2 protein chains.
Amino acid sequence: MNNVIIETLAPIFTIEDSVFKILLVRKKTEPYKGYWILPGGIVNDDKTINECISENVLEQAGIDNLNFEQSYVFSDLDRVPDKRVIAVSLISIVDEFKIKSHQVSTNYEVAWFPIDQLPKIGYDHSNVIDVAISQLKIKLNQSKTLQQIFPSDFTLPEIQKIYEQVSAKELDRRNFRKKFLKLDLIEETGYKAQSVTGRPAKLYRFKQDIENVILF
Amino acid sequence: MNNVIIETLAPIFTIEDSVFKILLVRKKTEPYKGYWILPGGIVNDDKTINECISENVLEQAGIDNLNFEQSYVFSDLDRVPDKRVIAVSLISIVDEFKIKSHQVSTNYEVAWFPIDQLPKIGYDHSNVIDVAISQLKIKLNQSKTLQQIFPSDFTLPEIQKIYEQVSAKELDRRNFRKKFLKLDLIEETGYKAQSVTGRPAKLYRFKQDIENVILF
DNA sequence: ACAAAAGTGTTAACTTTACACCCATGT
DNA sequence: ACATGGGTGTAAAGTTAACACTTTTGT
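Predicted model only: the values in this text are computed from it and were never measured.

(A) Local environment of the pattern of salt bridges. Residue and element names in this part refer to chain A. As enumerated under the stated definition, the model contains 24 salt bridges over all chains in all. Lys 21 is the salt-bridge partner of Glu 16, the closest N and O atoms lying 3.2 Å from each other. Between Glu 109 and Arg 26 there is a salt bridge, and its shortest N-O distance comes to 2.8 Å. Here the residue Glu 109 occupies a position in the loop between helix 2 (96-102) and strand 8 (110-114), and Arg 26 occupies one in strand 3 (residues 19-26), the gap between them amounting to 83 residues. Classification of Glu 109 by relative accessible area gives partly exposed; the value is 41%. We classify Arg 26 as partly exposed; its relative accessible area is 30%. Connected via shared salt-bridge partners are Glu 16, Lys 21, Glu 96 and Lys 100.

Okay, here's the thing in structure tokens:
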């Protein structure tokens, strides 16, 4: 006998003003009515897990064309009340610009939360989010992941702040710059960022067809 | 409607005489009768995926008390003929000594194959094995993984050969030795390996409670 | 002119690489 | 005694780490 249901869950991350954020949707029905949960849904027999999560994220969060990478499978017997549901979690990383220009409205209440200021989370999704965050930090050591967050212009201080958060220690600005530039992954755009205060930083972009190298 | 079945699959690796091997079982029934496949089985609603794979591996391969780490989820619609089966693959790494002293006989035909000399493989398990091998190579850069393969004595040339296979390039013996010893993970046992030819190598063991560091 | 953050260069410490000879064992 | 593979040291090149002053902008 086999009453196992399989669902997908999508921790979707972005960075806004050097703050890591995750997208959550508010649950409209019991159980956990009013709580925030990850987008996702049941896998039917005519869909792969990638098709399933893409459709659910579009329907619930209004974002299309994301890339997903497998995070982890959660199979505890009591992770969903009264049913046996195994969850496959799939991480996506999206840039600020894509969200602002492409996210469409849905029938769901959707919001981005800083990862250290999460609301009340339903089911075992706190656990799913914790696992995804620790994997996100590992992924951010790869140049291709960084490129997903910064497909267009960025400044070196912005990137430095990411690494200071990921490694939880401060880095020397001069050494960071030297090391990063030596990798030969990025080039100056010739433009400068808008400075809020202080000297404006140079804007850089990733070169085309970069290698996926370990950064730090 | 939901006719999705979930199964576990276990690529189990060991190293014998510096050769990477994987454990396979011969399928006794159609489809793929006579082909070799990974141990594993259907997940019922009263088992986590870890419980499921542990029981299946014990029953089929006769090995108990393995540690498993998630590899990947395979959800292509046609990966199993006539049914919709999603597979969760879980890698285990086991040492030669444990196999020889603890593996018990089962009703299955079981064998270890060098990973570059695989037999005829059933279902999509070639693909599952390929994914597992590439992840195994990444894992072998961690000290804890190496310790799983060498819980007791080993020689430095043995370990060097592993890295030469993983990185597909030759390393200098003197530099390898210096770098590895400097990590302060291992200690001399005072004994020497049996030499087939040439000077016998010193035997080392891992220290207790080592850090899980990146090796190369 | 001042506050705020970005940009830049040099030196010392450390790590990595390249390289050749001797040692312990079995035959 | 010889063949085979293991063990050892040193010097040059490259990388990382430590450190302070100047520049550009907004107010």
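Picking up after the structure, the text goes on.
(B) Structural context of the nonpolar core. Grouped together as the largest cluster of nonpolar side chains are 46 residues, with contacts concentrated most on A:Ile12, A:Val57, B:Ile12 and B:Val57. Secondary-structure elements contributing two or more residues to this core are strand 3, helix 1 (49-61) and strand 7 (85-93) of chain A together with strand 3 (19-26), helix 1 (49-61) and strand 7 (85-93) of chain B. Setting aside residues up to four positions removed in sequence, A:Ile12 forms contacts with A:Lys21, A:Ile22, A:Leu23, A:Pro39, A:Val57, A:Leu66, A:Ser92, A:Val94 and A:Trp112.

(C) Seen up close, the protein's contact with DNA strand C. Of all residues adjacent to DNA strand C, which total 20 residues, the nearest are A:Arg173, A:Arg177, A:Lys178, A:Gly198 and B:Arg174. Taking the atoms of DNA strand C that fall within 4 Å of the protein, sugar and phosphate contribute 43% of them. Between a base oxygen of DNA strand C and a side-chain N or O atom of A:Lys178, the distance comes to 2.7 Å. Between A:Arg199 and DNA strand C, the recorded distance is 3.3 Å, taken from a backbone N or O atom to a base nitrogen. Residue assignment for the surface near DNA strand C shows that the elements contributing at least two residues are helix 6 (173-182) of chain A together with helix 6 (173-182) of chain B. In terms of residue class, the surface near DNA strand C is built from three nonpolar, five polar and twelve charged.

(D) Fine view of a positive patch on the surface. Where like charges cluster on the molecular surface, the positive patch consists of A:Arg173, A:Arg177, A:Lys192 and A:Arg199. Looking at the secondary structure, you find A:Lys192 in strand 9 (residues 186-192).

(E) Just the interface of chain B and chain A, in detail. Between chain B and chain A, the residue contacts involve 23 residues of the former and 23 residues of the latter. In total, about 2,000 Å² of surface goes out of reach between chain B and chain A, with carbon and sulfur atoms giving 54% of it. For the pair chain B and chain A, the interface holds zero salt bridges. In this assembly, chain B and chain A are joined by ten residue pairs in polar contact (both at pLDDT 80 or more). Broken down by secondary-structure element, the contributors of at least two residues to the side of chain B that touches chain A are strand 1 (5-9), strand 6 (69-74) and strand 7 of chain B. Ranked by residues supplied to the side of chain B that touches chain A, first place goes to strand 6 of chain B with three residues. Of the residues belonging to the side of chain B that touches chain A, the class tally is twelve nonpolar, six polar and five charged.

Calculation criteria
For every chain, the first residue of its written sequence is number 1, and the numbers climb from 1 along that sequence. To read the labels, note that chains go from A and ligands from 1, taken in the order they are written. Whole-chain, interface and lining totals are the exception, using all residues; otherwise, since this is a predicted model, local features are given only for residues with pLDDT of at least 70 and side-chain atom pairs are given and counted only at 80 or more. Where side-chain values are given, they derive from all heavy atoms of the structure, hydrogens and water being excluded. What makes a salt bridge here is a side-chain nitrogen of Lys or Arg within 4 Å of a carboxyl oxygen of Asp or Glu, nothing more. Working definition: helices are DSSP H or I runs of at least four residues, strands are E runs of at least two. Numbering for both runs from the N terminus. For every residue, the accessible area obtained with a 1.4 Å probe (protein chains only) is divided by the maximum for its type, and the residue is called buried under 20%, exposed over 50%, and partly exposed between those limits. Among the buried residues, those of types Ala, Val, Leu, Ile, Met, Phe, Trp, Tyr and Cys that are joined through side-chain atoms within 4.5 Å form a nonpolar core. In this description, contact between two residues means that some pair of their heavy atoms is separated by no more than 4.5 Å. Put simply, a residue is near a molecule or strand once any heavy atom of it comes within 4 Å of that molecule or strand. The term polar contact refers here to a pair of N or O atoms within 3.5 Å; inside protein, the definition further demands a hydrogen-donor-capable atom paired with an acceptor-capable atom, and it admits residues adjacent in sequence only when both atoms are side-chain atoms. Polar here means any residue other than Ala, Val, Leu, Ile, Met, Phe, Trp, Tyr, Cys and Pro, which are nonpolar, and Asp, Glu, Lys and Arg, which are charged; Gly is therefore polar. Nonpolar side chains (Val, Leu, Ile, Met, Phe, Trp, Tyr) are joined into patches within 5 Å and like charges within 9 Å, using only residues with over 30% relative accessible area and no salt bridge. Computed with a 1.4 Å probe, the accessible areas rest on the Shrake-Rupley method; for each residue, only the protein chains presented here act as cover. Charge counting treats Lys and Arg as positive and Asp and Glu as negative, with His and both chain ends excluded. The atom standing in for a charge is NZ when the residue is Lys, CZ when it is Arg, CG when it is Asp and CD when it is Glu. The term buried area denotes the loss of accessible surface (1.4 Å probe radius) that occurs when two parts are joined, taken as the sum for both partners.

Honestly, it's all geometry; don't read function into it.
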